[in-house]
Protein chains: 4
Amino acid sequence: MNKNRLEAFSDGVLAIIITIMVLEIKIPHSSNIQDLLQIFPTFISYLISFIYVGIYWNNHHHLIHTLHKVTGPVMWANLHLLFWLSLIPFASGWIGENHYKPYPTMLYGVMLLMAAVAYFILQGIIIKVEGKSSKLKQAVGNDWKGKVSVVCYFFAVCTSLKWPWIAQIIYVIVAIMWLLPDRRIEKFMQSQ
Amino acid sequence: MNKNRLEAFSDGVLAIIITIMVLEIKIPHSSNIQDLLQIFPTFISYLISFIYVGIYWNNHHHLIHTLHKVTGPVMWANLHLLFWLSLIPFASGWIGENHYKPYPTMLYGVMLLMAAVAYFILQGIIIKVEGKSSKLKQAVGNDWKGKVSVVCYFFAVCTSLKWPWIAQIIYVIVAIMWLLPDRRIEKFMQSQ
Amino acid sequence: MNKNRLEAFSDGVLAIIITIMVLEIKIPHSSNIQDLLQIFPTFISYLISFIYVGIYWNNHHHLIHTLHKVTGPVMWANLHLLFWLSLIPFASGWIGENHYKPYPTMLYGVMLLMAAVAYFILQGIIIKVEGKSSKLKQAVGNDWKGKVSVVCYFFAVCTSLKWPWIAQIIYVIVAIMWLLPDRRIEKFMQSQ
Amino acid sequence: MNKNRLEAFSDGVLAIIITIMVLEIKIPHSSNIQDLLQIFPTFISYLISFIYVGIYWNNHHHLIHTLHKVTGPVMWANLHLLFWLSLIPFASGWIGENHYKPYPTMLYGVMLLMAAVAYFILQGIIIKVEGKSSKLKQAVGNDWKGKVSVVCYFFAVCTSLKWPWIAQIIYVIVAIMWLLPDRRIEKFMQSQ
């Protein structure tokens, strides 16, 4: 399996996810200002989800960049990550229509948590395939960002049923943390 | 017709199929736990269908990999395969909303059966185009997996109206069988 | 503007059109055999539309294949063609839900007619850009197939309000006519 | 980050936007001529939006064409532009179903305005990255077209609540202005 094809397929899926999410913002039937205000929460959850897909697109690139050999496990670990990301339009649409509600907030967190775990698995498999001296291994280092995210998502899921707004603030904070580009890998790559 | 373009188009269609399926998981209007549990069967059928598209993407790659010349029949046999695969979101959505029901189970099986037959036809045409000494011919061998799948799907379709749960177990078992990568082609390719 | 990018964008749009059409086959809420039979006309119109997009994808490839320079007019003539083709999911969905009805049949014909005219315009502009000695010019020849299609579509649109079934038979016949690959261009290319 | 990947991802998103818009043209349930006429405004807004996406696709190409190095800010400025463009199907669908109404007209204008601003930001960042001697800087010149558009959109948004039809005429005029290809960049590139 060619690396470029894996990259192109993943990019295709991410491009579709980021774009079809908009179909979950239902067009109001009337045209007054109340309708516009009513879809505002949906718009916010759309924005957050858009940023999350953007983050994954960016990080996915860094991950695959160092890969040389696409094995079966790499391909399926990649599809596993895409599976959880493909649920974003659904989770985003549900939380958008039921802002501040416990269960949609929990589901959104579970999806983010599973995607983060899937990312971890993919990262681990790529490092294994590339060997101990893999560039990715050295570039990732102790990967505090990835670990912090998983802990945050887990904590958010736990609090979501009691205090959904805390969970939602966590989702925003983690997104902002990741928005700052992953300098570790970038710096390492430039120093090559 | 360039082989890369055929591959890119097929990958594009498969990426779209795998991603728009999520639009068939209808967002519940309220936000309680019952709603979440009610979409669980839809989620399961989404998962199975996701795996099936992943399997076809992977196998399709192996199939096209050995191809040198894209003729008219190859192009149309490929579109024929994509046609049946493009029905997955519909069949998956219907079985998801009507779990354990006979007709949706039958339709899902018919779609899988037709896709498997279309895959067989495409494989046969590629081997014909490439000639007796085609790498694919040697790599595929007696192709027990493909033949077993077709028999399984056919059997599942037959039982689906009487015992839909048997048919559904068959769909899961065949998916698991294919999840294991097609070592025949891979091994042969590596020995080149 | 790079030719590959025009080709990739067009392929992307065609891949999306051919795949989202399935979203117009509405999933029935119950699961009995009547529901399955009721969507049969939609399935047929889906099949015909799938074949038409496949034909345009194939012919579009031949058209762009001979192109060297992507000018503004070529780009916009190409987008013009994609515009009419992008209406296929809508026209196909409407005729599918209202089989044998005059207006949906007329609309489907108008869309096919406009797409054929847009194809003609694109072909004309490419020949102009490439100059009198253009390979496409020589390969297309007198282009009886294109001209016959336009006449057929026009005739179908005219009869659609009175005898929609005649129009629908014409759509099927023209599709079959085009299914046979455009040997003129292919032969010419191979003789180079 | 490779420039080709940024271009491919952007092209993918634009191809999806331009194609899924058609899903916002709801298929009428009956099949009479009134239904066809009723969707005419939706068709017009679909056409205008299609042209706008086409314009952005074309201009985006010119913008990225001169780029050498994809930095973090370039990537996020690009995603920012795609974000506003991704709202086109929603804004287009709403104005299509509520033609001549103030709020949908305003929203459409806000989206166009934000996309134009995002385009400006992306252009500025690319020029900064490429340095003072950047080809784009020289090619863009004083960029009267971009500035005029922003002023027009702003004016349209302001008038939309009082005289929506004026705003709508402005949207059409600006589209026509951009339809004429950006000869500045093209000419400059050819003179290299």
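Here the structure is a predicted model, which means the values were calculated and not measured. (Residues numbered from 1 in each chain as written. Chains lettered and ligands numbered in written order. Predicted model: local features only at pLDDT ≥ 70, side-chain atom pairs only at ≥ 80, totals over all residues.)

## Observations regarding the overall build of chain A
The line we're drawing: Helix and strand labels come from DSSP, where a helix needs a run of H or I of at least four residues and a strand needs a run of E of at least two; each type is numbered from the N terminus. A residue is called partly exposed when the number of other C-beta atoms within 10 Å of its own lies between 12 and 20, exposed at 12 or fewer, and buried at 20 or more, with C-beta atoms placed from the backbone.
Tallying secondary structure elements over chain A gives 10 helices and zero strands in all. For chain A, the α and β elements follow one another from N to C terminus as α-α-α-α-α-α-α-α-α-α. For chain A, the proportion of its 192 residues judged to be buried stands at 48%.

## Remarks on helix H4 (residues 72-86) of chain A
Residue and element names in this part refer to chain A. Formally: Here a helix's expected span is defined as the number of its residues, less one, multiplied by 1.5 Å.
Counted at 1.5 Å a residue, the expected span for H4 with its 15 residues is 21 Å, and the 21 Å between its end C-alpha atoms agrees. In terms of burial, H4 is largely enclosed, as 12 of its 15 residues are buried. Among the residues of H4, those classed as buried are Val74, Met75, Ala77, Asn78, Leu79, His80, Leu81, Leu82, Phe83, Trp84, Leu85 and Ser86.

## Considerations on the interface of chain A and chain B
Going by this rule: Contact definition: two residues whose C-beta atoms, as placed from backbone geometry, lie within 7 Å. In this classification, Asp, Glu, Lys and Arg are treated as charged, Ala, Val, Leu, Ile, Met, Phe, Trp, Tyr, Cys and Pro as nonpolar, and every other residue, Gly included, as polar.
Contacts between the two partners involve 27 residues from chain A and, on the opposite side, 22 residues from chain B. Elements that contribute at least two residues to the side of chain A that touches chain B include exactly helix H1 (3-20), H4, helix H5 (88-97) and helix H6 (102-130) of chain A. In terms of residues, the side of chain A that touches chain B owes the most to one element, H1 of chain A, which gives eight residues. Looking at the side of chain A that touches chain B residue by residue, the class counts come to 18 nonpolar, five polar and four charged.

## Quick look at the relation of the copies chain B and chain C
Look at the two chain copies: a rotation about an axis and a shift along it is all it takes to match them. Where we set the bar: The atoms used to superpose the copies are C-alpha atoms, taken from residues with pLDDT of at least 70 in both, and the fit is least squares.
Of the transformation superimposing chain B on chain C, the axial component is 0.0 Å and the angular component is 90°, with the fit at an RMSD of 0.0 Å. Taken together, the rotation and translation describe the operation of a four-fold axis. An overlap of only 15% is found between the interface residues of chain B and their copies at the interface of chain C, pointing to separate contact surfaces.

## Focus: the interface of chain B and chain C
Of the residues lining the interface, 27 residues belong to chain B; the matching set on chain C comes to 22 residues. Of all the secondary-structure elements, those providing two or more residues to the side of chain B that touches chain C are helix H1 (3-20), helix H4 (72-86), helix H5 (88-97) and helix H6 (102-130) of chain B. By residue number, the principal contributor to the side of chain B that touches chain C is H1 of chain B, which donates eight residues. For the side of chain B that touches chain C, the per-class residue count stands at 18 nonpolar, five polar and four charged.

## A few points about helix H9 (residues 164-179) of chain D
Residue and element names in this part refer to chain D. As a reminder, the rule being used: Throughout, the arc means that of the directions going from the helix axis to the C-beta atoms.
Relative to the 22 Å expected for 16 residues at 1.5 Å per residue, H9 spans 23 Å between its end C-alpha atoms, a close match to the ideal helical length. Listing the buried residues of H9 in full gives Pro164, Ala167, Gln168, Ile170, Tyr171 and Val174. Buried residues of H9 fall within an arc of 155° about the axis and therefore sit on the same side. Residues of H9 that are exposed and point over 90 degrees away from its buried face: Trp165, Ile169, Ile173 and Ile176. Where H9 is buried, its residues contact helix H3 (40-65), helix H6 (102-130) and helix H8 (144-160).

## With respect to the relation of the copies chain A and chain B
When chain A is brought onto chain B, the operation consists of a screw motion whose angular component is 90° and whose axial shift is 0.0 Å, with 0.0 Å RMSD remaining. Comparing interface residues between copies, only 15% of those in chain A also sit at the interface in chain B, which points to a heterologous contact through distinct surfaces.

## A few points about the environment of proline 104 of chain B
Counting through the fold element by element, proline 104 of chain B comes out in helix H6. Residue proline 104 of chain B is classed as buried on the basis of its C-beta count, with 27 C-beta atoms lying within 10 Å. In the structure, proline 104 of chain B is positioned 12 residues away from serine 92 of chain B in sequence and 8.5 Å away in space, judged by C-alpha atoms. Not counting the four nearest positions on each side in its chain, proline 104 of chain B is found in contact with Trp94, Ile95 and Asn98 of chain B together with Ser31 of chain C.

## What to know about the packing of H5 of chain B against H6 of chain B
All names here are of chain B. Heads up, the condition is: Between N-to-C directions, angles span 0 to 180 degrees; the directions come from axes that are lines fitted to C-alpha atoms, helices contributing only their stretch in contact. Here the angle decides the label: under 35 degrees means roughly parallel, over 145 means roughly antiparallel, 65 to 115 means roughly perpendicular, and every other value means oblique. Crossing handedness is read from the near helix: turned anticlockwise from the far helix by less than a right angle, it gives a left-handed crossing, and turned clockwise, a right-handed one.
For the pair H5 and H6, interaxial distance at closest approach is 8 Å and the crossing angle is 155°. When the axis of H5 is compared with that of H6, the two are roughly antiparallel. When the axes of H5 and H6 are compared, the crossing they make is left-handed. Of the residues in H6, those touching H5 at Ile88, Ala91, Trp94 and Ile95 are Pro104, Thr105, Leu107, Tyr108 and Met111. Taken together, the residues of the contact of H5 with H6 break down into eight nonpolar, one polar and no charged.

## Observations regarding the packing of helix H3 (residues 40-65) of chain B against helix H9 (residues 164-179) of chain B
All names here are of chain B. Interhelical geometry of H3 versus H9 gives an angle of 35° and a closest axis separation of 10 Å. Judged by the twist between their axes, the crossing of H3 over H9 is left-handed. Residues Ile48, Ile51, Tyr52 and Ile55 of H3 lie in contact with H9, whose contacting residues are Tyr171, Val172, Ala175, Trp178 and Leu179. Residue composition of the contact of H3 with H9, by class: nine nonpolar, no polar and no charged.

## So, the environment of aspartate 35 of chain C
Residues and elements named next belong to chain C. Relative to the helices and strands, aspartate 35 resides in helix H2 (residues 33-38). The class of aspartate 35 is partly exposed, set by 16 C-beta atoms lying within 10 Å. The contact partners of aspartate 35, leaving out residues within four places of it in the chain, are Pro28 and Ser30.

## Some thoughts on the confidence of the model for chain A
Residue and element names in this part refer to chain A. Let me state the cut-off plainly: Scored from 0 to 100, pLDDT reflects the predictor's confidence in each residue.
Averaged over every residue, the pLDDT of chain A is 86; the share at 70 or more is 88%. At the level of individual helices and strands, chain A shows its lowest average pLDDT in helix H10 (residues 183-190), which scores 62, and its highest in H4, which scores 93. At the level of chain-chain contacts, confidence expressed as ipTM amounts to 0.87, with global pTM at 0.90.

## Description of the environment of tyrosine 56 of chain A
Residues and elements named next belong to chain A. Tracing the backbone shows tyrosine 56 in helix H3 (residues 40-65). Residue classification places tyrosine 56 among the buried positions, given that 24 C-beta atoms sit within 10 Å. Spatially, the C-alpha atom of tyrosine 56 lies 12 Å from that of valine 13, the residues being 43 residues apart in sequence. Those residues in contact with tyrosine 56, other than ones at most four positions away along the chain, are Leu14 and Leu85.

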